[in-house]
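As a plain string of letters, each chain reads:
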Amino acid sequence: MANHQLSKPWQKLHQYACTVPVFGLIPSVIALASRQQNPQLKHTAKISLGLMLVWAGIYLNLGTGVRQELYQGSLTSIYFLASVGLMLRIYLKSMRALKK
């Protein structure tokens, strides 16, 4: 990444990319590794990365079996809904900022 700040639309896009379930790992790590990113992006990346790590840790520790598969499916649904909730929150904040 270059030594300059990303423009506001690119920052929002990067925030959305961080919240994509599972695949948001890469943009989140990039955001946290970069020195030039804004605090909002780093905060979003930390939350998204933490959420993914909690999901992966619990998912992998559940084991196998019919009951465990039900728990894994429910846990995955909650993870995806939480990610969509984060995306919605970013969108609503950007809409409020536009109205000002």
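Summarised in this report is the structure supplied together with it. (Residues numbered from 1 in each chain as written. Predicted model: local features only at pLDDT ≥ 70, side-chain atom pairs only at ≥ 80, totals over all residues. Heavy atoms only, no water.)

## Concerning the overall build of the protein chain
This is how it is decided: Only DSSP runs of H or I covering at least 4 residues are called helices, and only runs of E covering at least 2 are called strands; the numbering of each starts at the N terminus. Should any heavy atoms of two residues lie within 4.5 Å, those residues are considered in contact. Using a 1.4 Å probe, the Shrake-Rupley method yields the accessible areas, and only the shown protein chains count as cover for residues.
Within the protein chain one finds four helices and zero strands. When the elements of the protein chain are put in sequence order from the N terminus, they spell out α-α-α-α. In the protein chain, once contacts between residues fewer than 6 apart in sequence are set aside, the share between residues at least 24 apart is 58%. Only carbon and sulfur atoms are counted for the fraction: they give 69% of the accessible area of the protein chain, which is about 7000 Å².

## Quick look at the packing of aromatic side chains
Heads up, the condition is: Aromatic contacts are taken between Phe, Tyr and Trp rings whose centres are within 6.5 Å, Trp giving its six-membered ring; a plane angle under 30 degrees counts as stacked, one over 60 as edge-to-face, and the others as tilted. Each residue gets one of three labels from its accessible area relative to the maximum for its type: buried under 20%, exposed over 50%, partly exposed in between, using a 1.4 Å probe on protein chains only.
Scanning all chains against the criterion turns up three aromatic pairs. Ring geometry for Trp55 versus Tyr79: centroids 4.9 Å apart, planes at 10°, classification stacked. In this pair, Trp55 is assigned in helix H3 (residues 39–61) and Tyr79 in helix H4 (residues 66–99), connecting sequence segments 24 residues apart. Taken as a pair, Trp55 and Tyr79 share a single burial class, namely buried. Cluster of aromatic residues (ring-pair linked, three or more members): Trp55, Tyr59, Tyr79 and Phe80.

## Topic: the packing of helix H1 (residues 8–19) against H4
We count it as follows: Helix axes are fitted to C-alpha atoms over the stretch in contact, other axes to C-alpha atoms as well, and angles between N-to-C directions run from 0 to 180 degrees. Angular relationships are summarised with four words: roughly parallel below 35 degrees, roughly antiparallel beyond 145, roughly perpendicular across 65 to 115, and oblique for the angles in between. By convention the crossing between two helices is left-handed if the near helix lies anticlockwise of the far one by an angle smaller than a right angle, and right-handed if it lies clockwise. Charged means Asp, Glu, Lys or Arg here, nonpolar means Ala, Val, Leu, Ile, Met, Phe, Trp, Tyr, Cys or Pro, and polar covers whatever is left, Gly included.
Running from N to C, H1 and H4 point in directions that differ by 165°, and their axes come no closer than 9 Å. Classified by the angle their axes make, H1 and H4 are roughly antiparallel. The interaxial crossing formed by H1 with H4 has right-handed handedness. The segment H1 lies against H4, with Lys12, Gln15, Tyr16 and Thr19 engaging Ser83, Leu86, Met87, Ile90, Tyr91 and Ser94. When its residues are assigned to classes, the contact of H1 with H4 shows five nonpolar, four polar and one charged.

## Considerations on helix H2 (residues 25–33)
Filter applied, for reference: In this description, the arc belongs to the directions extending from the helix axis to the C-beta atoms.
Listed as buried for H2 are Pro27, Ser28 and Ala31. The buried residues of H2 occupy one face: seen down the axis, they fall within an arc of 100°. Structural note: H2 exposes Ile26 and Ala33 on the side pointing more than 90 degrees away from its buried face. Packing partners of the buried residues in H2 comprise H1 and H3.

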